[in-house]
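# Structural overview for review
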Amino acid sequence: MLFSQLVYRIAARTPRNSLPSCRWILSHRRYGHQPTFRNSNENKKHLDPFSLVGDELSLISMRLRSMVVAEVPELASAAGYFFKEGVEGKKLCPTVILLMATALNVCTPELSPNVLGNTLILDLRRRQQCIAEITEMIHVASLIHDDVLDDADTRRGIGSLSSVMGNKLAILAGDLLISRALVALASLKHTEVVSLMATALKNLVSGETMQMTATFEQRCSMECYMQKTYNKTAALVSNSCKAVAYLSGQREEVATLAFEYGKNLGLAYQLIDDILDFTGTSASLGKASLTDLRNGIITAPILFAMEEFPQLRAFINSSSDNPANLDVILEYLGKSHGIQRTTELALKHASLAAAAIDSLPETHDVDATNARTALVHITQKIITRNK
Amino acid sequence: MLIYRGLSRISRISKKTSFGRRWLPSHPLLSGASHSAAAAAADSSVKVLGCREAYSWSLPALHGIRHQIHHQSSSVIEDTDSQEQLDPFSLVADELSILAKRLRSMVVAEVPKLASAAEYFFKMGVEGKRFRPTVLLLMATALNVRVPEPLHDGVEDALATELRTRQQCIAEITEMIHVASLLHDDVLDDADTRRGIGSLNFVMGNKLAVLAGDFLLSRACVALASLKNTEVVTLLATVVEHLVTGETMQMTTSSDQRCSMDYYMQKTYYKTASLISNSCKAIALLAGQTAEVAILAFDYGKNLGLAYQLIDDVLDFTGTSASLGKGSLSDIRHGIITAPILFAMEEFPQLRTVVEQGFEDSSNVDIALEYLGKSRGIQKTRELAVKHANLAAAAIDSLPENNDEDVTKSRRALLDLTHRVITRNK
């Protein structure tokens, strides 16, 4: 069931007191839906996290497309390349952000308009959607630059921007997206949120830098690998979740829980991604498998395998030069517990993420509860996915 | 020749006149020089500079402002005027070196390799002319409002220091954004002699240049966030957008656009002036100034930046390799059509055909230069630069009155810069 309709049904049934009809107003004004009644079978749909926020996601996609217009047509088409329909990616991050917003937007007496200052509650959702937009712009900018750095040919199932429009335009398009993200960030007029997202950006760059400039010793270190993975994958979603919490007026402990959810979810996601690079197929990944290994990027399964078979190191060192080494490496990997241990580590982080949600302050709000359930559901989905 | 004539003229000026008055009568703005005389004014403004500057400009192959400062102080001992000739750069030299040190430590990343790549452009000798940070620091002093009621000394000082630190931060952020855009530009065009030594591109590879630019940009964002002023964030984010837009405009122009003066001025604003104008405005906002004052600061920066670029365009034709640090005629050789050629095309429409053919053929470059020589392209560009320099000076003159000595000195220095921008020859 769509978020707004669910909300309306609840509002229609339960009397409001402290903050009258706040969520009813939310649903009415924000989404412009005319409330309708659906039969109870459709209730089951709300268990799918993505459909809970499906409408909002489309709205965000539309806004993103309008936010990347530019004076120079070439720049506009380069910047908007990955916001076109069909190539917007899995939208996992915006989904998580919107669900976190719902999970935390609990109308308590403390969250009166006075506490939120001049910002009306009505605008809160819009501001949180803005975080999702900002996150997406930063994310796509980093993808575009990464493709230049990695000489990648494909991304999201189509040609990479750099291969289609050249390195020059790709770099500039990425910079434009960053500047637009910053402007949107500033418009929220919340300096802590600006700091959080600036930190996320800094981490992203650090992560890519670590990947490009690490020594062999560093590349063989699990600690460095986890730090790099945090920077490249988890930092953005963790800081966005925390930003959503701040916007929601939540206190520091709750913001930290939101952060922990994002961080552990991101780490789990990447670890499974590492496994899929060995076990997945071209068709399901949208990119060639064994990409990491071919590019000399050492991921968790190999790192674990190296602990069991130190002789593997020698082959790793020369793998980018000698393709025949790939087979040897895969053989060692198969003999080792590399894949299993990575899976276990991913599960551990997924559990930590779920635990963070469970630790959130109790609420009887149905929407918040559903959103929290959905967030926990996501921690399971990312483990069991095969693409 | 003009310079030596100027020297003798200045020595005749009574030393009893106050510093400011010495060159005000010849100030192009006040003398009401018309546009046709502006060209003469541009040359005569050399005469109105203090003799120290005139002396220094005539010395060959000086690079680095610090070098000039030392030369000035040692060579003109006989000037006993109580009000010293202000050298804008020396007014803030100490602060600038603190700033440079802080920048260097700010760019220390978890990854040393990248930090050294970014530092590459902050090392002494490759720092360009430190023009922008000088302008910003001077603007900061020129706008600083004194607290009306005398507070307890400690509090007032602490507040003033904190404000200054924040304004210095703007200067640092501006430099980081500027260098980031240069690094990304270097990925784009083959500027192998950027700033006089091998560009980062050749030295460390294309990819590291991309990364280093990203690194600086992200650090600038963090520093911006730390100022806790969202209006300032917006201003400087807009600068990044403008830099990118300007560069793309340069890359992707149609034939009509390349031959359009309006397009060229818009591109020049985006690529050169936006950074200075918006950071001047940010300085004003941090100082708690009114919107009107912020706009004046913006106008100063914008017009100064435009004047700077226009003279840069002229020097690309008239300067020398040694003094510019980049090959002369580099613009035209890269097919970048600048103001002098655009003006020449107005006089000689047939030049447009040559322009459209492109300049890979060096004989076309020679043809274009011939037309340029016959035309008033260079002069008109200088006139336009002087016009913008005057607008910048007017903005400073319109600032609310302030009798504080430091403020007055800084404002004079900012005015002085509007002259230097025109009269520099490198």
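Going by the structure above, here's the rest.
Just so we're clear, the structure is a prediction, and the values are computed from it rather than from any experiment.

For the rest of this paragraph, the subject is a negative patch on the surface. All names here are of chain B. A cluster of acidic residues, Glu 360, Asp 361, Asp 366 and Glu 370, forms a negative patch on the protein surface. With respect to the secondary-structure elements, Asp 361 resides in the loop between helix H20 (350-357) and helix H21 (362-374). On the accessibility criterion, Asp 361 (45% relative accessible area) is partly exposed.

For the rest of this paragraph, the subject is the interface of chain B and chain A. Interface size is often expressed as the accessible area that is lost when the parts come together. Contact residues are listed per partner, giving 35 residues for chain B and 35 residues for chain A. Contact between chain B and chain A buries roughly 3,400 Å² in total, counting both sides, with carbon and sulfur atoms accounting for 73%. On the chain B side of the contact with chain A, B:Lys207, B:Leu211 and B:Thr230 bury the most area, a combined 16% of that side's loss. Scanning the region where chain B abuts chain A turns up one salt bridge. Linking B:Glu241 and A:Arg180 is a salt bridge whose minimum nitrogen-to-oxygen distance equals 2.8 Å. For the pair chain B and chain A, the number of links is four residue pairs in polar contact (both at pLDDT 80 or more). Mapped onto the side of chain B that touches chain A, the elements with two or more residues apiece are helix H8 (112-119), helix H10 (153-188), helix H12 (206-226) and helix H13 (230-251) of chain B.

The next thing to look at is the pattern of salt bridges. Per the stated rule, a full pass over the model turns up 25 salt bridges over all chains. Here A:Glu307 and A:Arg341 are joined by a salt bridge, their closest N and O atoms 2.9 Å apart. Here A:Glu307 is found in helix H15 (residues 300-308), whereas its partner A:Arg341 is found in helix H18 (residues 338-358), with 34 residues between them in sequence. Residue classification places A:Glu307 among the partly exposed residues on the basis of a relative accessible area of 47%. The salt bridge partner of B:Asp416 is B:Arg420, with a shortest N-O separation of 3.2 Å. Placement of both B:Asp416 and B:Arg420 in helix H23 (residues 405-423) is noted, with a separation of four residues, approximately one turn of the helix. Comparing B:Asp416 with B:Arg420 shows no difference in burial state: the two are buried. Salt bridges here are not isolated pairs; linked through shared partners, they connect A:Arg63, A:Arg126 and A:Glu133.

Before going further, it helps to spend a moment on H23(B). All names here are of chain B. With 19 residues, H23 ought to run about 27 Å at 1.5 Å a step, and its terminal C-alpha atoms sit 27 Å apart, in line with that. Most of H23 is tucked away, with 14 of its 19 residues classed as buried. Its side-chain oxygen placed 2.9 Å from the backbone nitrogen of Asp 406, Asp 404 serves as the N-cap of H23.

Parameters and conventions
- Residues numbered from 1 in each chain as written.
- Chains lettered and ligands numbered in written order.
- Predicted model: local features only at pLDDT ≥ 70, side-chain atom pairs only at ≥ 80, totals over all residues.
- Heavy atoms only, no water.
- Patch = residues over 30% accessible without salt bridge, like charges linked within 9 Å, V, L, I, M, F, W, Y side chains within 5 Å.
- Areas by Shrake-Rupley, 256 points an atom, 1.4 Å probe, with all protein chains shown as cover.
- Salt bridge = Lys/Arg side-chain N within 4 Å of Asp/Glu carboxyl O.
- Lys, Arg positive; Asp, Glu negative; His and termini not counted.
- Charge placed at Lys NZ, Arg CZ, Asp CG, Glu CD.
- Helix = DSSP H or I, 4+ residues; strand = E, 2+ residues; numbered from the N terminus.
- Buried < 20%, exposed > 50% of the residue type's maximum accessible area, 1.4 Å probe, protein only.
- Contact = heavy atoms within 4.5 Å.
- Buried area = accessible area lost by both parts, 1.4 Å probe.
- Polar contact = N/O pair within 3.5 Å; in protein donor to acceptor, adjacent residues only side chain to side chain.
- Expected span 1.5 Å × (residues − 1).

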